[in-house]
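Working through the structure, step by step
Each chain is listed here by its residues.
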Amino acid sequence: MYDVIVIGAGPAGLQAALTLGRMHRSALLLDSGEYRNGTVLHMHNVVANDGTPPSEFRATARGQLAEYPDVEIRDVGASHISGREGDFTVRLVGETEVSARRIVLATGVADDLPEVPGLAALWGTHAFSCPFCDGHEHAGRPIAILGAAARAEHLISLLGRFVGAISVFPVGGDFSKEERRMLEARGARVSAVAADGVERDGADVIVTAGGSSMSVAGVFVASVEMRQRAPFAEQLGLAMLPSGAIEIDDFGATSVPGVSAAGDLAHRAALPGAMASVLLAAAAGQLAAIGIVKALSAGQ
């Protein structure tokens with residue numbers, strides 16, 4: 001039996017495993033090979049790793065974890081969790097079962113994009129959602145924003161200071177007159193009809209709407225829906241927040257004793273939502289591991 005099984009090997013899971021390994025707690029890290037930033041070419045806004053490819057970041061972390069004999073890594077996903085604090089059973093893909101005293105969920109979330117033809121193929125390379133992660137690369141260049149008016153206005157407030165012209169396109173229906181006025185007051189050009197396709201054109205993106213087209217440097221999506229990537233929150237009956245994330249305390253503990261969560265699948269109730277950030281995910285993984293080490297050391 002392991003002290004801890006960490007499910008998910010993104011920044012949160014990798015950091016949790018590192019912290020556990022440094023405290024000589026036996027840990028199994030499960031890596032399904034599925035990552036929220038799996039299509040992203042370069043990470044940004046990550047100190048000492050600004051511009052690093054995510055795959056390189058993960059490979060470096062895994063190489064460092066190999067120096068800790070108490071950490072085992074398996075390239076396999078999990079399908080089911082059962083049991084209770086001190087005696088959890090995790091069923092791996094392929095029906096093998098492993099057990100642990102504690103669980104860390106670090107499986108992240110998945111992004112559901114609006115149904116605009118071509119958008120999924122550009123996700124992470126030419127189409128984005130986070131201005132902190134990808135806004136700087138579009139400084140002084142024209143961009144398009146696709147999606148809901150309220151979120152579009154928020155993106156304009158962040159990006160409008162340094163990008164070039166901003167064009168906003170509704171998806172799945174037109175904006176109301178009030179929404180058009182609100183967005184135009186922010187200085188954006190607002191399309192009268194919904195976007196009906198996007199495609200790559202060299203280094204740029206062509207957005208089509210109602211028979212017309214426009215070339216922009218990149219697309220920011222204002223209608224991305226996030227959901228739990230894995231079924232474990234439902235399986236375990238974890239308390240959830242209105243954002244769709246798992247509710248945790250300051251050290252990542254969930255409502256089920258012995259189960260912690262870290263990364264963008266969880267946040268504290270005081271926050272409006274999870275923050276999509278490599279650094280914050282890693283910090284959450286460290287806090288979750290610290291909380292578990294403290295509990296195990298106290299004999300809980």
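Just above, that's the structure.
Keep in mind it's a predicted model, so treat the numbers as computed, not measured.

Reading the values: rules and limits
Residues numbered from 1 in each chain as written. Predicted model: local features only at pLDDT ≥ 70, side-chain atom pairs only at ≥ 80, totals over all residues. Heavy atoms only, no water. Pairing = 2+ DSSP bridges. Helix = DSSP H or I, 4+ residues; strand = E, 2+ residues; numbered from the N terminus. Axes fitted to C-alpha atoms, helices over the stretch in contact; angles between N-to-C directions. Buried < 20%, exposed > 50% of the residue type's maximum accessible area, 1.4 Å probe, protein only. Right-handed = clockwise from strand over helix to strand, strands pointing away. Phe/Tyr/Trp six-rings, centres within 6.5 Å; stacked < 30°, edge-to-face > 60°. Lys NZ or Arg CZ within 6 Å of the ring centre and 35° of its normal.

Attention now goes to the sheet that holds strand β11 (residues 189–190). Taken together, 5 strands build an open sheet; the order of strands is β8-β15-β9-β10-β11 and the sheet is parallel. Looking at which strands have only one partner, the edges of the open sheet turn out to be β8 (127–128) and β11.

In sheet architecture, strand pairing relies on hydrogen bonds along the backbone and comes in two forms, parallel and antiparallel. Spatially, the 3 strands line up as an open sheet ordered β12-β13-β14, and their pairing is antiparallel. Here the strands that pair on one side only, and so sit at the sheet edges, are β12 (197–201) and β14 (212–216). Sheet twist, expressed as the average angle between the axes of neighbouring strands with direction ignored, equals 25°. Note: β12 against strand β13 (residues 204–209), 5 bridges, orientation antiparallel. Residue pairing across strands places R200 opposite V205, the latter belonging to β13.

Here we take up the pairing of β14. Where β13 meets β14, 5 bridges bridge the pair, whose relative direction is antiparallel. Among the inter-strand pairings, V207 is bridged to a residue of β14, identified as M214. Hairpin connection between β13 and β14: a loop of 2 residues separates the two successive antiparallel strands, and G210 in this loop has a positive phi of roughly 60°.

Turning to the pairing of strand β1 (residues 2–7), a few remarks are in order. For β1, a buried count of 6 out of 6 residues is recorded, marking the element as mostly surrounded by other parts of the structure. In this sheet, strand β6 (residues 97–105) lies alongside β1 in parallel orientation, the contact comprising 5 bridges. Bridging from a neighbouring strand, Y2 pairs with A100 of β6. In this structure, β1 lies alongside strand β2 (residues 27–30), joined through 4 bridges in parallel fashion. Residue pairing in the sheet places I7 in a bridge with L30 of β2. Between the parallel pair β1 and β2, the chain is carried across by helix α1 (residues 11–22), and the sense of this crossover is right-handed.

Another point: the packing of aromatic side chains. Summed over the entire model, instances satisfying the criterion amount to 1 aromatic pair. Ring geometry for F128 and F220: centres 5.7 Å apart, planes at 45°, overall tilted. Of this pair, F128 sits in strand β8 while F220 sits in strand β15 (residues 218–221), and the two are 92 residues apart along the sequence. Across the pair, exposure class does not vary: F128 and F220 are buried alike. In this structure, R58 is placed above the aromatic ring of Y35, and the distance from its NZ or CZ to the ring centre is 3.7 Å. The positively charged end of K294 is found above the aromatic ring belonging to F251, 5.1 Å away from the centroid.

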